[in-house]
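Letter by letter, the chains look like this.
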Amino acid sequence: MNLLYQQYLYSYKKDIRTAFSGFGRGWLLNKLLKAIDLYNKDKYEKAINILTKLKKSCKTTDEFCAVLLFTAVSYEGLSYLSTAVEVYLEMLEHDPSRSTAHSNLGLNYRQLGEFEKAISSFEKAIACDSENPYAYNNLGLTYYRLGEYEKAIEQCEKALSLKRNLYQAANCLCLCYFALKNLEQSKKYFKIAVTNGSNADMLRGEIRKLQQESVIDVSDDFFWDLN
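Figured I'd write up the structure that's included with this text. In this text, all values refer to a predicted model and were calculated from it rather than measured experimentally.

**What to know about helix 3 (residues 26-40)**
Right, so step 1: Counted at 1.5 Å a residue, the expected span for helix 3 with its 15 residues is 21 Å, and the 21 Å between its end C-alpha atoms agrees.
Right, so step 2: Burial in helix 3 covers these residues: L28, L29, L32, L33, A35, I36, D37 and L38.
Right, so step 3: On its buried side, helix 3 packs onto helix 1 (3-11), helix 2 (13-16), helix 4 (44-54) and helix 5 (61-77).
Right, so step 4: One or two steps after helix 3, the chain reaches D42, where phi turns positive at roughly 65°.

Right under this line is the structure:
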């Protein structure tokens, strides 16, 4: 196994688990890692082609779940969201305890405008893994988009408590507090977000959209600095 495949095996160990680890099944694991490589190189159709064939060789729950997960994310790469949803649902039939699958399913539902299903999926993701910061973040952002700022704050604060550098959660908190006209807290999370990798100009743009709906002045400190 080459070094790149070994890196994938480590990076995706929570998703691959024991897939194709049995005696004489190493060549199937290599096919899975080849598909993962193609997915990482944005060659989604080629990845799906390998994964579709590989699915016929699946025997265990971990094997089905690994193949179906990377099939789903490849369909997402092609923007075939409805198809990705179908694949995630099939994956969850094999193992309904997969937090990542529930969370990713929620993201697809949200993009499709099915917010109730999205919220339900994120809640299931959290029930499966209460230490999954991304599930809390995704749930918080969904509440933000629905204008339920207090609920969004609760979820994104949980996300940050689990992963302090999760700037997406800090972004959401910044925007929620701004919408609630709490400038002090909004500035606080603006700085946390930008310090941890958020694009300051893009975040300012989102704040300006909210400003158009309010009378809040953001001109002081040249819009909170940090460039």
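What follows picks up the thread again.
**Let's talk about the packing of aromatic side chains**
Right, so step 1: Taken as a whole and assessed by the stated rule, the structure comprises 7 aromatic pairs.
Right, so step 2: Following the ring pairs from residue to residue traces out a cluster consisting of Y8, Y12, Y39, Y44 and F70.

**Structural notes on the environment of N132**
Right, so step 1: Note that N132 resides in the loop between helix 8 (115-128) and helix 9 (133-145).
Right, so step 2: C-alpha of N132 to C-alpha of Y5: the two residues are 127 residues apart in sequence and 26 Å apart in space.
Right, so step 3: Beyond its immediate chain neighbours, meaning those up to four positions away, N132 contacts S99 and L162.
Right, so step 4: Among the polar contacts listed, one links the side chain of N132 to the backbone nitrogen of A135, at a separation of 3.3 Å.

**What about the pattern of salt bridges?**
Right, so step 1: Enumeration over the complete set of coordinates arrives at 10 salt bridges.
Right, so step 2: With a shortest N-O distance of 3.2 Å, K41 and D37 are connected by a salt bridge.
Right, so step 3: For K41, a relative accessible area of 47% gives the class partly exposed.
Right, so step 4: The class for D37 is buried, based on a relative accessible area of 4%.
Right, so step 5: Notably, a salt bridge pairs R98 with D95, separated by 2.9 Å at the nearest N-O pair.

**Section: the layout of surface pockets**
To find the voids left in a structure, one rolls a probe of water-molecule size over its atoms.
Right, so step 1: Its volume calculated, the largest pocket comes out at about 1100 Å³.
Right, so step 2: What lines the largest pocket is a set of 42 residues, and nearest its centre among them are N104, L107, Y134, N137 and N138.
Right, so step 3: For the lining of the largest pocket, the secondary structure elements donating two or more residues are helix 2, helix 5, helix 7 (99-111), helix 9, helix 11 (167-179) and helix 13 (200-211).
Right, so step 4: The class makeup of the residues in the lining of the largest pocket is 21 nonpolar, 12 polar and 9 charged.

**A few points about the nonpolar core**
Right, so step 1: Among the nonpolar cores identified, the biggest contains 68 residues, and I16, F20, L32, I36, F70 and Y88 are the most heavily contacted of them.
Right, so step 2: The greatest single-element share of this core, amounting to 10 residues, is contributed by helix 5.

**So, the environment of K124**
Right, so step 1: Structurally, K124 can be placed in helix 8.
Right, so step 2: On the basis of relative accessibility, which here comes to 45%, the residue K124 falls in the partly exposed class.
Right, so step 3: Taking the C-alpha atoms as reference, K124 lies 29 Å from K56; in sequence the two are 68 residues apart.

**Notes on the side chain of R110**
Right, so step 1: Relative to the assigned elements, R110 resides in helix 7.
Right, so step 2: One buried charge, R110, has no salt-bridge partner; the nearest side chain with opposite charge is E76, at 11 Å.
Right, so step 3: Polar contacts involving the side chain of R110 include one to the side chain of T142, which spans 3.1 Å.
Right, so step 4: Leave out the neighbours within four places in its chain, and R110 touches F115, A118, F122, N138, L141, T142 and R145.

**Brief notes about the side chain of E63**
Right, so step 1: Tracing the backbone shows E63 in helix 5.
Right, so step 2: A polar side-chain atom of E63 sits 2.7 Å from the main-chain amide nitrogen of K59.
Right, so step 3: Those residues in contact with E63, other than ones at most four positions away along the chain, are A19, F20, R25, S57 and C58.

**A short note on helix 13**
Three- or four-residue spacings in an α-helix give side chains the same orientation, since the helix completes a turn every 3.6 residues.
Right, so step 1: End to end, helix 13 covers 16 Å across 12 residues, agreeing with the expected 16 Å (1.5 Å per residue, within 8%).
Right, so step 2: Among the residues of helix 13, A200, L203, R204, I207 and L210 are the ones counted as buried. Relative to the axis of helix 13, the buried residues are bounded by an arc of 110° and lie together on one face. Projecting away from the buried face of helix 13 at angles above 90 degrees are the exposed residues D201 and M202.
Right, so step 3: The backbone nitrogen of D201 has a side-chain oxygen 3.0 Å away, supplied by the residue at the start of helix 13, namely N199.

Procedures and definitions
Residues numbered from 1 in each chain as written. Predicted model: local features only at pLDDT ≥ 70, side-chain atom pairs only at ≥ 80, totals over all residues. Heavy atoms only, no water. Helix = DSSP H or I, 4+ residues; strand = E, 2+ residues; numbered from the N terminus. Expected span 1.5 Å × (residues − 1). Buried < 20%, exposed > 50% of the residue type's maximum accessible area, 1.4 Å probe, protein only. Contact = heavy atoms within 4.5 Å. Phe/Tyr/Trp six-rings, centres within 6.5 Å; stacked < 30°, edge-to-face > 60°. Polar contact = N/O pair within 3.5 Å; in protein donor to acceptor, adjacent residues only side chain to side chain. Salt bridge = Lys/Arg side-chain N within 4 Å of Asp/Glu carboxyl O. 1 Å grid on protein atoms, 1.4 Å probe; cavity = no way out; pocket = protein on both sides within 12 Å on 5 of 7 lines; lining within 4 Å. Points joined across faces, edges and corners; volume = space filled by probe spheres on them. Nonpolar A, V, L, I, M, F, W, Y, C, P; charged D, E, K, R; others polar. Core = buried A, V, L, I, M, F, W, Y, C linked by side-chain atoms within 4.5 Å. Lys, Arg positive; Asp, Glu negative; His and termini not counted. Arc of directions from axis to C-beta.

So far we have only geometry, and geometry alone does not tell us how the molecule works.
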